[in-house]
Amino acid sequence: MVDVKPGRPISCRGRRTPTADRLQVGEKRKLTRLRSDLLNWARQAGRVYPWRANAASSYERIVVEVLLQRTTATAVSKFYDAFFSRFPTWEALALAQPEDLATFLKPLGLWRKRAASLLGLAKYAISVSGQFPRNPRERRKIPAIGQYVSSAIALFQYGEPAPLLDVNMSRVIERFIHPRSRADIRHDPWLRDAASWFARGPQPEMANWAILDFAALVCKSRRPRCSECPVRPRCNYVRSK
DNA sequence: AAGTCGGGGAT
DNA sequence: ATCCCAGACTT
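Here the structure is a predicted model, which means the values were calculated and not measured.

Visitor: So what's going on with the environment of Ser117? Residues and values would help.
Guide: Of note, Ser117 is situated in helix H6 (residues 111-127). The spacing of Ser117 and Pro179 is 62 residues in sequence and 32 Å in space, taken between C-alpha atoms. Discounting residues that sit within four places of it in the chain, Ser117 has contacts with Val66 and Ala144. Within the local environment of Ser117, its side chain forms a polar contact with the backbone oxygen of Lys113, the two atoms lying 2.8 Å apart.

If you want it as structure tokens, here you go:
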């Protein structure tokens, strides 16, 4: 026991919030452990989808990310075969009749936006041999490519360890460590650093799929299955309940 | 920061 | 009947 100033080190004086907005060493360790734990968990319990198969092209994986926006993976899964046999390549998609595309997309909802987004992406893709810019700033200038889809392109097209940081991945990280400080996921530096740290390492695609599966099946927004959670011993969320 | 697009499944 | 879903865009 020490009796001298039990507070923070002097270097931390003046901080406005009790939680730093930068990723700390201990948090990196926790995320690294979480990563390997979830990869092991997903080996048995992970979901299986056609766009994750080795045979799936980066075209399919990128298009699927657009289809998955505000849509359940189950819905896209049902939709997958018909869509990609009708539009198997960027070329086929770029030549699609808007009405035809809309007919396909209606059951998923948001079909006007999705049709416009996909057509725009396809027309861009065929103008550059299917390769989106490697520079993220250049990618983000393309309509329908926000932060999330940009990361998906980095991950699936260039093999970079980019995080598919959405509300679900955010929920897992925030429960496991602590809530973000900014309202918007995309503007929270700590959360972005945490997600990036989680994604880095071998098998970045598997790691992303693992945490998204874990979010969907165990660490659900409502009624999380903490009793059957493989990382419960290290989770701050269950500790606080 | 808040509103909009959106049908479908889960609760 | 309400909430949630691998977001992006406009105001």
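Back to the write-up after that little detour.
Visitor: I'd like a rundown of the protein's contact with DNA strand B, residues and numbers included.
Guide: What surrounds DNA strand B is a group of 14 residues, the closest being Arg70, Leu108, Leu110, Arg112 and Arg114. Expressed as a percentage, the sugar and phosphate content of the atoms of DNA strand B within 4 Å of the protein is 61%. Between DNA strand B and Trp111, the relevant distance is 3.4 Å, taken from a phosphate oxygen to a main-chain nitrogen or oxygen of the residue. Contact distances for DNA strand B include 3.4 Å between a phosphate oxygen and a backbone N or O atom of Lys113. For the surface near DNA strand B, the residue count by class is five nonpolar, two polar and seven charged.

Visitor: Help me get a handle on the UniProt feature "domain: HhH-GPD" (unreviewed entry) in chain A, residues and values and all.
Guide: Feature annotation in UniProt assigns "domain: HhH-GPD" (unreviewed entry) to the following positions: residues 67-217. Taken end to end, residues 67-217 has its terminal C-alpha atoms 20 Å apart, with 64% of it in helix and 0% in strand.

Visitor: Give a description of the packing of helix H2 (residues 58-67) against H6 that names residues and reports values.
Guide: Packing of H2 against H6 brings their axes to within 10 Å, and their N-to-C directions diverge by 155 degrees. Classified by the interaxial angle, the pair formed by H2 and H6 is roughly antiparallel. Crossing of H2 against H6: the hand is right-handed. Residues Val63, Val66 and Leu67 of H2 lie in contact with H6, whose contacting residues are Arg114, Ser117, Leu118 and Leu121. Of the residues contributing to the contact of H2 with H6, the split by class is five nonpolar, one polar and one charged.

Visitor: Account for the protein's contact with DNA strand C, naming residues and giving values.
Guide: Taken together, 24 residues lie near DNA strand C, and Glu65, Arg70, Ala144, Tyr148 and Val149 sit nearest. Within 4 Å of the protein, the contacting atoms of DNA strand C are 60% sugar and phosphate, with bases supplying the remainder. A distance of 3.1 Å separates a base nitrogen of DNA strand C from a polar side-chain atom of Arg47. One of the side-chain nitrogen or oxygen atoms of Arg171 is found 3.3 Å away from a phosphate oxygen of DNA strand C. For the surface near DNA strand C, the elements supplying multiple residues, two or more each, are helix H8 (147-158), helix H9 (167-176) and helix H11 (204-217). Top element by residues in the surface near DNA strand C is H8. It accounts for three residues. Within the surface near DNA strand C, the residues separate by chemical class into ten nonpolar, seven polar and seven charged.

Visitor: Before we move on, could you go through the confidence of the model for chain A and cite the residues and values that matter?
Guide: Any segment with low pLDDT has predicted coordinates that should not be analysed in fine detail. For chain A, the mean per-residue pLDDT works out to 91, and 91% of the residues sit at or above 70. Residue range residues 1-18 is modelled with pLDDT below 50. Its contacts to residues more than four positions away, or to other chains, number three contacts.

Visitor: Hey, could you go over the nonpolar core for me, with residue numbers and the actual values?
Guide: In this structure, Leu34, Leu38, Met169, Ile173 and Phe214 are the most contacted members of the largest nonpolar core, which totals 37 residues. For this core, the leading source of residues is H11, giving seven residues. Setting aside residues up to four positions removed in sequence, Leu38 forms contacts with Phe198, Ala210, Ile211, Phe214 and Val231. Within the second largest apolar cluster, 35 residues are counted, among which are Ala56, Val76, Leu93 and Leu118.

Visitor: With reference to specific residues and values, describe the environment of Ser85.
Guide: Inspection of the secondary structure puts Ser85 in helix H3 (residues 73-86). Distance from Ser85 to Arg112, taken between C-alpha atoms, is 21 Å for residues 27 residues apart in sequence. One polar contact links the side chain of Ser85 to the main-chain carbonyl oxygen of Ala82, over a distance of 3.3 Å.

Visitor: With reference to specific residues and values, describe the pattern of salt bridges.
Guide: Inspection of the entire model under this criterion finds eleven salt bridges. The salt bridge involving Arg234 is made with Asp37; its shortest N-O contact spans 2.7 Å. Here the residue Arg234 occupies a position in the loop between H11 and helix H12 (236-239), and Asp37 occupies one in helix H1 (residues 25-45), the gap between them amounting to 197 residues. A network of salt bridges, in which partner residues are shared, links Arg33, Asp37 and Arg234.

Definitions and limits used
- Residues numbered from 1 in each chain as written.
- Chains lettered and ligands numbered in written order.
- Predicted model: local features only at pLDDT ≥ 70, side-chain atom pairs only at ≥ 80, totals over all residues.
- Heavy atoms only, no water.
- Helix = DSSP H or I, 4+ residues; strand = E, 2+ residues; numbered from the N terminus.
- Contact = heavy atoms within 4.5 Å.
- Polar contact = N/O pair within 3.5 Å; in protein donor to acceptor, adjacent residues only side chain to side chain.
- Near = heavy atom within 4 Å.
- Nonpolar A, V, L, I, M, F, W, Y, C, P; charged D, E, K, R; others polar.
- UniProt positions renumbered as here; feature names shortened; annotations may be inferred.
- Axes fitted to C-alpha atoms, helices over the stretch in contact; angles between N-to-C directions.
- Parallel < 35°, antiparallel > 145°, perpendicular 65-115°, else oblique.
- Left-handed = near helix turned anticlockwise from the far one by under 90°.
- pLDDT = per-residue confidence, 0-100.
- Core = buried A, V, L, I, M, F, W, Y, C linked by side-chain atoms within 4.5 Å.
- Buried < 20%, exposed > 50% of the residue type's maximum accessible area, 1.4 Å probe, protein only.
- Salt bridge = Lys/Arg side-chain N within 4 Å of Asp/Glu carboxyl O.

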